[in-house]
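What follows is the residue order along each chain.
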Protein chains: 2
Amino acid sequence: MRDRVVAAFTGIQDAICKGLEELDGSARFVSDQWERPGGGGGDTRVIQNGAVFEKGGVNFSAVHGELPEAIAREFKSSSTQFFASGVSIVLHPQSPMVPIIHMNIRYFEMPGDGRAWFGGGIDLTPIYVDHAQATGFHQTLKATCDRHHTDYYAKFKNWADEYFYIKHRKETRGIGGIFFDRLSDGNSLPLEAQFEFVKDVGNTFLKAYLPIATANKDLPFTEAEKNWQLLRRGRYVEFNLVYDRGTHFGLQTDGRIESILMSLPTLASWQYNIIPEAGSREEETINYLKGKTEWV
Amino acid sequence: MRDRVVAAFTGIQDAICKGLEELDGSARFVSDQWERPGGGGGDTRVIQNGAVFEKGGVNFSAVHGELPEAIAREFKSSSTQFFASGVSIVLHPQSPMVPIIHMNIRYFEMPGDGRAWFGGGIDLTPIYVDHAQATGFHQTLKATCDRHHTDYYAKFKNWADEYFYIKHRKETRGIGGIFFDRLSDGNSLPLEAQFEFVKDVGNTFLKAYLPIATANKDLPFTEAEKNWQLLRRGRYVEFNLVYDRGTHFGLQTDGRIESILMSLPTLASWQYNIIPEAGSREEETINYLKGKTEWV
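Reference entry: report on the structure contained in this document. (Residues numbered from 1 in each chain as written. Chains lettered and ligands numbered in written order. Predicted model: local features only at pLDDT ≥ 70, side-chain atom pairs only at ≥ 80, totals over all residues. Heavy atoms only, no water.)

1. So, the side chain of Ser-85 of chain B
Residues and elements named next belong to chain B.
Inference 1: Tracing the chain through its elements places Ser-85 in strand β4 (residues 81-93).
Inference 2: Within polar-contact distance, the side chain of Ser-85 engages the backbone oxygen of Ser-61 at 2.9 Å.
Inference 3: Dropping the residues within four chain positions of it, Ser-85 is found in contact with Val-5, Val-6, Phe-9, Phe-60, Ser-61, Ala-62, Ile-105, Arg-106 and Tyr-107. (Helix = DSSP H or I, 4+ residues; strand = E, 2+ residues; numbered from the N terminus. Polar contact = N/O pair within 3.5 Å; in protein donor to acceptor, adjacent residues only side chain to side chain. Contact = heavy atoms within 4.5 Å.)

Laid out in structure tokens, this is it:
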């Protein structure tokens with residue numbers, strides 16, 4: 001399974017980089033291949049200063065070794081040997097009209113006790129929520145989910161709403177998407193079926209994101225809208241550093257910092273006690289993030 | 001003791017705001033008085049868009065109520081009633097030539113089991129480390145420590161080096177200073193003596209910071225130096241959101257978010273895999289942060 005996962009994940013990485021370079025039309029991904037002292041390595045692909053993307057990464061890694069005890073405990077495993085592989089994407093566009101996008105697909109093995117599972121997710125963080133585009137995004141994810149199980153979309157959409165929640169702000173990071181983990185725990189989904197689903201999620205990324213990014217990338221915007229984008233990126237940083245489990249896993253397992261933190265934007269801003277004007281698009285966006293919306 | 005602490009801490013807050021406004025010469029602190037739904041409240045004083053300070057806060061709070069169980073466990077207390085009061089300062093200057101400064105003094109009571117203690121610290125984060133100024137800063141702190149106990153400076157300087165450490169970057173946040181907590185634990189220092197020490201630390205803030213800020217505030221700087229400042233502020237954000245105990249305590253006890261996160265800068269930056277040029281002042285600064293320096 002390890003070899004097949006690595007082959008599938010690197011193929012997905014290649015296809016996504018190609019699609020995003022075509023969209024950007026200017027910048028190219030730079031590849032950094034690295035080895036992890038504790039075992040394994042990865043291929044970090046970063047794009048910076050593009051026409052569409054200010055900064056982003058489409059990273060592959062396959063690492064193995066000893067888990068820190070705290071994580072083994074969290075995984076309820078007596079074994080501390082692990083293998084983990086994944087593709088992780090975060091893209092920060094130049095324009096506040098183009099949403100931030102994140103995807104992760106991952107495979108995890110604890111060979112000591114014979115457990116293995118897949119996980120993943122895609123979520124969208126518009127700087128300004130557009131209801132029609134948010135609905136289209138969720139419909140694309142639902143179509144992918146429905147091909148595998150009619151329960152998946154509702155279940156994984158709710159999981160995303162819970163996971164991508166900035167508790168101290170009492171708001172979600174964006175309009176959510178899908179999130180799932182350890183599909184084998186608590187149900188009997190065979191690993192092969194999980195693998196098929198995760199590959200399908202990886203192949204859905206461009207279908208879900210390109211239509212929105214293409215439609216919005218040339219829209220005009222004001223300085224005030226750019227400032228709002230910097231503030232929303234600040235919230236993105238808060239989520240990633242305070243709550244994101246992938247980030248914490250990377251930090252705790254002494255992962256490659258520059259690959260883990262490629263998720264952070266070139267520029268982010270914090271200003272004291274910003275309250276959007278009543279009736280503004282900023283307020284409308286905050287209202288979406290403080291509520292719960294059934295998009296489909 | 002609660003009333004005396006509140007009187008002393010608000011007095012220190014007033015004096016520091018006054019000294020910093022005189023230094024800035026342009027912006028004034030804006031006061032936001034707030035109440036905490038769970039009990040208590042505070043006075044958040046924020047300065048923004050000044051001549052010297054881009055953003056900063058000098059906050060007082062005195063809160064009480066029920067501790068979340070996780071924190072009570074961390075404090076090894078069976079009781080969950082608490083009272084906490086403190087002054088917290090973070091200042092982000094406009095110029096990369098002026099260091100970021102942080103101070104905190106705090107008093108904590110667990111009335112259920114009769115425990116009470118003080119804690120605090122001051123640390124300096126120069127964007128470019130100047131050896132003479134760093135030494136002067138530490139000498140001022142040492143003089144304060146020495147008035148109370150000849151062991152304090154060495155002990156609390158080491159504690160700061162350990163506390164203000166960004167583990168995933170393998171570097172300290174800045175040139176350190178002093179840090180101490182729960183002075184009553186593991187020794188017999190009476191609460192009165194702790195109180196005297198903490199007041200003295202609060203009164204040392206301006207003496208330690210103003211000479212450096214005054215000397216550097218009008219120095220010229222380049223765009224490249226400004227960019228380096230934004231990157232260093234990114235590290236400051238990483239420390240505060242990933243490691244800072246005060247920030248986590250605030251988030252976990254449902255504190256006032258805008259007061260807790262006033263510590264984050266107007267603008268911060270993350271760029272992929274920045275490695276300073278050999279022999280540059282940026283490299284020299286990083287070398288200080290990766291090593292351990294006895295400044296005095």
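2. Considerations on the pattern of salt bridges
Any two side chains of opposite charge can pair, on the condition that their charged atoms come close.
All names here are of chain A.
Inference 1: Tallied over the entire structure, the rule returns 52 salt bridges over all chains.
Inference 2: Two residues, Lys-226 and Glu-54, come together in a salt bridge whose shortest N-O distance is 3.9 Å. With a gap of 172 residues between them, Lys-226 in helix α6 (residues 223-242) and Glu-54 in strand β3 (residues 53-66) connect regions that are remote in the sequence.
Inference 3: Taking the relative accessible area as the measure of exposure, Glu-54 reaches 11% and is therefore buried.
Inference 4: Arg-232 is paired through a salt bridge with Glu-171; the nearest N and O atoms lie 2.9 Å apart. Of the two residues, Arg-232 is situated in helix α6 and Glu-171 in strand β8 (residues 171-172); the sequence distance between them amounts to 61 residues. This pair shows no difference in class: Arg-232 is buried, exactly as Glu-171 is.
Inference 5: A single salt-bridge network, built from bridges that share partners, covers Arg-106, Asp-181, Arg-182 and Arg-245. (Salt bridge = Lys/Arg side-chain N within 4 Å of Asp/Glu carboxyl O. Buried < 20%, exposed > 50% of the residue type's maximum accessible area, 1.4 Å probe, protein only.)

3. Concerning helix α3 (residues 131-146) of chain A
All names here are of chain A.
Inference 1: Over its 16 residues, α3 runs 22 Å from end to end, which matches the ideal 22 Å to within 8%, given 1.5 Å per residue.
Inference 2: Residues Ala-134, Thr-135, Phe-137, His-138, Leu-141, Thr-144 and Cys-145 constitute the buried set of α3.
Inference 3: The secondary structure elements touched by the buried residues of α3 are β5 (100-110), β6 (115-125), α4 (152-163), β9 (176-180) and α5 (191-216).
Inference 4: Put simply, Asp-130 is the residue that caps the front of α3, since its side-chain oxygen is 3.0 Å from the backbone nitrogen of Ala-132. (Expected span 1.5 Å × (residues − 1).)

4. Regarding the relation of the copies chain A and chain B
Inference 1: Superposition of chain A onto chain B requires a rotation of 180° combined with a translation of 0.0 Å along the rotation axis, giving an RMSD of 0.0 Å. Here the two chains are linked by the operation of a two-fold rotation axis.
Inference 2: When the interface residues of chain A are mapped onto chain B, 100% of them again lie at the interface, so the same face is used by both copies. (Least-squares fit on C-alpha atoms with pLDDT ≥ 70 in both.)

5. Focus on helix α4 (residues 152-163) of chain B
Count 3.6 residues to each turn of an α-helix, and residues three or four apart come out pointing the same way.
Inference 1: An ideal rise of 1.5 Å per residue puts 16 Å on twelve residues; α4 of chain B measures up with 16 Å between its terminal C-alpha atoms.
Inference 2: Of all the positions in α4 of chain B, only Tyr-152, Tyr-153, Phe-156, Lys-157, Ala-160, Asp-161 and Tyr-163 of chain B are classed as buried.

6. Observations concerning empty space enclosed by the protein
All names here are of chain A.
Inference 1: The full count for this structure, using the stated rule, is one cavity of 30 Å³ or more.
Inference 2: Estimates place the volume of the largest cavity at around 80 Å³.
Inference 3: Lining the largest cavity, in full, are Lys-157, Asp-161, Thr-172, Gly-174, Ile-175, Gly-176, Tyr-288, Leu-289, Gly-291, Lys-292, Thr-293 and Trp-295.
Inference 4: Secondary structure elements with two or more residues in the lining of the largest cavity: α4 and α9 (281-290).
Inference 5: Grouping the amino acids of the lining of the largest cavity by side-chain chemistry returns four nonpolar, five polar and three charged. (1 Å grid on protein atoms, 1.4 Å probe; cavity = no way out; pocket = protein on both sides within 12 Å on 5 of 7 lines; lining within 4 Å. Points joined across faces, edges and corners; volume = space filled by probe spheres on them. Nonpolar A, V, L, I, M, F, W, Y, C, P; charged D, E, K, R; others polar.)

7. Quick look at the packing of helix α1 (residues 2-24) of chain A against α5 of chain A
All names here are of chain A.
Inference 1: The contact between α1 and α5 brings their axes to 11 Å, and the two run at 5°. With respect to α5, the element α1 is oriented roughly parallel. Between α1 and α5, the contacting residues are Arg-4, Val-5, Ala-8, Phe-9, Ile-12, Ala-15, Ile-16, Gly-19, Leu-20 and Leu-23 on the first element and Glu-192, Phe-195, Val-198, Lys-199, Gly-202, Asn-203, Phe-205, Leu-206, Tyr-209, Leu-210, Ala-213 and Thr-214 on the second.
Inference 2: Here the residues of the contact of α1 with α5 sort into 15 nonpolar, four polar and three charged. (Axes fitted to C-alpha atoms, helices over the stretch in contact; angles between N-to-C directions. Parallel < 35°, antiparallel > 145°, perpendicular 65-115°, else oblique.)

8. Points about the environment of Leu-251 of chain A
Inference 1: If you trace the backbone, Leu-251 of chain A turns up in helix α7 (residues 245-252).
Inference 2: For Leu-251 of chain A, a relative accessible area of 15% corresponds to the buried category.
Inference 3: Beyond its immediate stretch of four places on either side in the chain, Leu-251 of chain A contacts Ile-257 and Ile-260 of chain A together with His-168 and Val-242 of chain B.

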